[in-house]
Amino acid sequence: MKASDILIIGGSQKFEAESVRKPSGAIILDGMHLADTLRCVHCGHVWIPVVGSGKIRGWCNSCGGVTCGSHACHTCYPFEKRLDDYEKGKLKTLR
Amino acid sequence: MRRYAADGQTAAGTNLTIAEVVAATTTRGRIYDLIIGSDASPADIATEFNIIRGTVSGTPTTTVTPRALDPADPASLLSLEVGTFTGQTKTSSTSLMNIALNQRATFRWVAVPDGEIIVPATSDNWVGLESIASGGTPNINVSFYWQE
């Protein structure tokens, strides 16, 4: 098991963080790379993929990326489009 | 893309904003690096943070002038606000990232290109670091790096 396979934050939490092929970011704790992060292509939420977390994520074939799995993100509404609509006042809330 | 950095510090607490990057109407901000630590005396205090959005930045204790990473670049259009806020509006249920951290640890999140957290080009909108809950009130230091 690699050091990056285990993420321990402050000793209070311990879980297996997953390395992914195309991460959106990385978590570095005390100078050590511990985990990758992913970003939802629909709402922009960032999370650490964890093996066996039980959380159901999604994939959007149109955007070609992962979604956070929330009900609102099941429909394809790309984040860039969401931003454009929000800035033009067509969308009231940016999640 | 021009890159800027700004940092600040505020005591942790319950649903307290530590710092917020406030939008400009002419350009989007792309937060690509975030560093959280504490300069308080070392102690085992757990704090939960969220990165959240808001629509009214409110009045902070301090407004920090961001520094351009390239000295040839013009002044930043976005700004960083730090401290105790009044009149702030947070967008509910918009945790962009959740972080649980021991005070002894220094946390850093770095985005790959196009993986940044985006601040919309909408007046007074912001993206900030929120202390959701904490076992104490240690000083929390945060540094934001963003592109414009």
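Keep in mind that what you see is a predicted model, and the values were worked out from it rather than measured.

Chemist: Hey, could you run me through the packing of aromatic side chains in this one?
Modeler: Pairs of aromatic rings are described using the distance from one ring centre to the other and the angle between the two planes. Tallied over the full model, the rule gives one aromatic pair over all chains. With 6.3 Å between their ring centres and 55° between their planes, Tyr32 of chain B and Tyr145 of chain B make a pair best called tilted. Of this pair, Tyr32 of chain B sits in strand 3 (residues 29-37) while Tyr145 of chain B sits in strand 13 (residues 139-147), and the two are 113 residues apart along the sequence. You can call Tyr145 of chain B partly exposed: its relative accessible area is 23%. Between Arg82 of chain A and the ring centre of Tyr77 of chain A, over which it is positioned, the NZ or CZ distance is 4.6 Å.

Chemist: Just to check I follow, could you spell out the nonpolar core for this structure?
Modeler: Formed by 41 residues in total, the largest nonpolar core has its most connected members in Ile36, Trp109, Ile117, Leu129 and Phe144 of chain B. The contacts of Leu129 of chain B, once residues within four sequence positions are left out, are Leu16, Thr17, Ile18, Ala19, Ile36, Phe49, Asn50, Ile51, Ile140, Val142 and Phe144 of chain B.

Chemist: So what exactly am I meant to see when it comes to the interface of chain B and chain A here?
Modeler: As a measure of interface size, the accessible area lost when the parts come together is often cited. Listed per partner, the contact involves 30 residues of chain B and 26 residues of chain A. Counting every contact that joins chain B to chain A gives four salt bridges. Between Arg28 of chain B and Glu80 of chain A there is a salt bridge, with its nearest N and O atoms 3.0 Å apart. At the boundary of chain B with chain A, the tally comes to 15 residue pairs in polar contact (both at pLDDT 80 or more). Those elements that place two or more of their residues in the side of chain B that touches chain A are strand 4 (46-56), strand 9 (97-102), strand 10 (107-111) and strand 11 (117-119) of chain B.

Chemist: Before we go on, may I ask you to explain helix 1 (residues 79-87) of chain A in this structure?
Modeler: Given 3.6 residues per helical turn, the α-helix brings residues three or four places apart onto the same face. All of the buried residues in helix 1 of chain A are Phe79, Arg82, Leu83, Asp85 and Tyr86 of chain A. End-on view of helix 1 of chain A: buried residues confined to an arc of 165°, all on one side of the axis. Elements in contact with the buried residues of helix 1 of chain A: strand 4 (32-39) of chain A together with strand 4 and strand 11 of chain B.

Chemist: Looking at this model, I keep getting lost on empty space enclosed by the protein. Mind explaining?
Modeler: Leftover empty space is mapped by rolling, across the atoms, a probe with the size of a water molecule. All names here are of chain B. A full pass over the atoms with the stated rule returns one cavity of 30 Å³ or more. What the largest cavity holds in volume is close to 50 Å³. Forming the walls of the largest cavity are Ile36, Gly37, Ser38, Ile45, Thr47, Phe49, Leu101, Asn102, Gln103, Ala105 and Ile140. Residues belonging to the lining of the largest cavity are distributed by class as follows: six nonpolar, five polar and no charged.

Each value, and the rule that gives it
Residues numbered from 1 in each chain as written. Chains lettered and ligands numbered in written order. Predicted model: local features only at pLDDT ≥ 70, side-chain atom pairs only at ≥ 80, totals over all residues. Heavy atoms only, no water. Phe/Tyr/Trp six-rings, centres within 6.5 Å; stacked < 30°, edge-to-face > 60°. Helix = DSSP H or I, 4+ residues; strand = E, 2+ residues; numbered from the N terminus. Buried < 20%, exposed > 50% of the residue type's maximum accessible area, 1.4 Å probe, protein only. Lys NZ or Arg CZ within 6 Å of the ring centre and 35° of its normal. Core = buried A, V, L, I, M, F, W, Y, C linked by side-chain atoms within 4.5 Å. Contact = heavy atoms within 4.5 Å. Salt bridge = Lys/Arg side-chain N within 4 Å of Asp/Glu carboxyl O. Polar contact = N/O pair within 3.5 Å; in protein donor to acceptor, adjacent residues only side chain to side chain. Arc of directions from axis to C-beta. 1 Å grid on protein atoms, 1.4 Å probe; cavity = no way out; pocket = protein on both sides within 12 Å on 5 of 7 lines; lining within 4 Å. Points joined across faces, edges and corners; volume = space filled by probe spheres on them. Nonpolar A, V, L, I, M, F, W, Y, C, P; charged D, E, K, R; others polar.

Read these as layout, nothing more, since geometry by itself doesn't imply function.
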